[in-house]
Amino acid sequence: VPDGDAAKSLAVIEDLYRWMLELGLNRSDTLVGLGGGALTDAAGFAAATYLRGVEAIYVPTTVLGAVDAAIGGKTGVNLDGKNLVGAFRHPARVVIDVDVLDRLPDEVKRGGLAEALKAGLIGDPALVGLLEAHGPAADLAEVVRRAVAVKAAVVGRDFTEQGERAHLNYGHTIGHAVEVAAGLGHGEAVAIGMVAAGRAAAVEVGFTDEARQTAAIAGLGLPVGAPGLGRDEVLALVGRDKKRDAAGLRMVLLEAIGSPLVRHVGSATVGAALDAIDIA
Ligand SMILES: NC(=O)c1ccc[n+]([C@@H]2O[C@H](COP(=O)([O-])OP(=O)(O)OC[C@H]3O[C@@H](n4cnc5c(N)ncnc54)[C@H](O)[C@@H]3O)[C@@H](O)[C@H]2O)c1
Ligand SMILES: [Zn+2]
């Protein structure tokens, strides 16, 4: 399949169906998806729908794939927008070879560590401590194990995203806007989004570990600001986000490390959050 998100298209899925037909795969067979998050999302969708569903095994080869995309049963492809077509279906198992992840180029690994840190911030203070103390040199097996455990626990309680699963979007509301506006990688943008969310949390719910969180992000070699972006452009992108509803912008905030909550926030808080990431 093509590299990256180009794999997540219905045309590629059709090719996969035909290939499985040619191979004579039946209901008792298993599709193995080996690759980054884009690959496992596409393979998972093909497996979820071929013959109304065959088993899938994921072998994620990026940190982001291992701690995020492969876990939680969201499969899918892009249409005009990202992930607009898909199915909720868990793989039969996920096999992670940490030695492979350890040899990733630094910039690919960093993006995944941003999501691992996010998992710690919403559900595992000890994971935050590990990344704080050792930065990118933290024991990857332990980091991956802990981050997977956080996501699996949240998804186990809220598979279809009725409530708690939204906590996994910590840093993503403003992060997505920055990702689009700056053309940054997802993990980098989420890192910046978490800095912004940390400020919003300080303003709204008295989060006292904002500086500590920012230091942990910087310690992973991730960006903590997006100077040079236009405030109006970012605000417009934030406003277009699907996390906005009639009552205003819904953001995931932290009362403390490990204690997330969802709040509607007003424009003063969003303004303070953008100040925190140097968007003037
Ligand atoms: N299903 C979910 O819940 C979920 C959650 C988060 C993200 N995602 C999806 O995951 C995708 C992002 O995942 P990603 O960051 O892994 O991106 P990706 O799959 O595009 O991989 C990033 C790049 O790394 C390369 N790569 C993969 N493994 C490698 C290896 N071992 N060594 C060197 N290069 C390697 C890929 O070929 C690609 O060029 C997006 O499509 C996103 O929507 C899904
Ligand atoms: Zn993400």
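Everything that follows concerns the structure shown earlier in this document.
A brief structural summary.

Here is what the cut-offs are and how they apply
Residues numbered from 1 in each chain as written. Chains lettered and ligands numbered in written order. Predicted model: local features only at pLDDT ≥ 70, side-chain atom pairs only at ≥ 80, totals over all residues. Heavy atoms only, no water. Helix = DSSP H or I, 4+ residues; strand = E, 2+ residues; numbered from the N terminus. Buried < 20%, exposed > 50% of the residue type's maximum accessible area, 1.4 Å probe, protein only. Donors = N, O, S within 2.8 Å, 3.2 Å for Na, K, Ca; no water. Pairing = 2+ DSSP bridges. Near = heavy atom within 4 Å. Polar contact = N/O pair within 3.5 Å; in protein donor to acceptor, adjacent residues only side chain to side chain. Areas by Shrake-Rupley, 256 points an atom, 1.4 Å probe, with all protein chains shown as cover. Nonpolar A, V, L, I, M, F, W, Y, C, P; charged D, E, K, R; others polar. Contact = heavy atoms within 4.5 Å. Axes fitted to C-alpha atoms, helices over the stretch in contact; angles between N-to-C directions. Salt bridge = Lys/Arg side-chain N within 4 Å of Asp/Glu carboxyl O.

### Considering unusual backbone geometry
Line of reasoning, step 1. Here the phi dihedral of Arg52 falls at roughly 60°; this positive angle occurs in a residue that is not glycine.
Line of reasoning, step 2. Within the secondary structure, Arg52 sits in the loop between α2 (37–49) and β2 (55–60).
Line of reasoning, step 3. Looking at Arg52, the relative accessible area reads 74%, which means it is exposed.
Line of reasoning, step 4. A positive phi is found at Asp278, a non-glycine position, where the angle reads about 65°.
Line of reasoning, step 5. With respect to the helices, strands and loops of the structure, Asp278 is situated in the segment after α12 (267–276).

### Some points on the coordination of the zinc ion (ligand 2)
Line of reasoning, step 1. On the protein side, the zinc ion (ligand 2) has Glu115 (OE), His172 (NE2) and His186 (NE2) as donor atoms, found 1.9 to 2.1 Å from it.
Line of reasoning, step 2. One chain supplies every donor for the zinc ion (ligand 2), spaced along it as E-x56-H-x13-H. One end of the pair, Glu115, is in helix α5 (residues 106–123); the other, His172, is in helix α8 (residues 172–182), with 57 residues separating them in the sequence.

### Regarding the pairing of strand β8 (residues 259–265)
Line of reasoning, step 1. Two strands pair when backbone bridges link them, and strand β7 (residues 248–256) and β8 are joined in this way by seven bridges, in the antiparallel orientation. Looking at the pairing, Leu254 lines up with Pro260 of β8.

### Details of the site of ligand 1
Line of reasoning, step 1. Near ligand 1 you find 19 residues, and of these Asp3, Asp5, Gly37, Thr61 and Thr62 are the closest.
Line of reasoning, step 2. The separation between an oxygen atom of ligand 1 and a polar side-chain atom of Lys8 is 3.0 Å.
Line of reasoning, step 3. Note that an oxygen atom of ligand 1 is positioned 2.8 Å from one of the backbone N or O atoms of Gly37.
Line of reasoning, step 4. Computed on the free molecule, ligand 1 has an accessible area of 850 Å², of which 70% lies beneath the protein chains in the complex.
Line of reasoning, step 5. Within the residue set of the shell around ligand 1, elements represented by two or more residues are α2 and α3 (63–69).
Line of reasoning, step 6. For the shell around ligand 1, a count of residues per class yields five nonpolar, six polar and eight charged.

### With respect to the sheet that holds β2
Line of reasoning, step 1. The strand order β1-β2-β5 describes an open sheet built from three strands, whose pairing is parallel. Strand pairing shows two members of the sheet lacking a second neighbour, β1 (30–35) and β5 (93–94), which therefore form its edges.
Line of reasoning, step 2. Taken together, the six bridges between β1 and β2 define a ladder with parallel strand orientation. Along β2, the bridge assignment pairs Val32 with Ile57.
Line of reasoning, step 3. Here α2 sits on the sheet in contact with β1 and β2, set at roughly 165° to β1.

### Side note on the pattern of salt bridges
When their charged atoms lie close together, side chains carrying opposite charge are able to pair.
Line of reasoning, step 1. One pass over the structure, following the stated rule, counts 18 salt bridges.
Line of reasoning, step 2. Between Asp5 and Lys82 there is a salt bridge, and its shortest N-O distance comes to 2.6 Å. Taken together, the residues Asp5 in the segment before α1 (10–23) and Lys82 in the loop between β3 (74–77) and β4 (85–88) connect sequence positions 77 residues apart.
Line of reasoning, step 3. Its relative accessible area of 35% is what places Asp5 among the partly exposed residues.
Line of reasoning, step 4. Measuring nitrogen to oxygen at the nearest pair gives 3.8 Å for the salt bridge that ties Arg110 to Glu188. Here Arg110, found in helix α5, pairs with Glu188, found in helix α9 (residues 186–205); they are 78 residues apart in sequence, far enough to count as distant.
Line of reasoning, step 5. Judged by its relative accessible area of 16%, Glu188 falls in the buried class.
Line of reasoning, step 6. The network of salt bridges with common partners includes Asp68, Glu115, Lys118 and Lys151.

Note that all results are geometric; they support no functional claim without further evidence.
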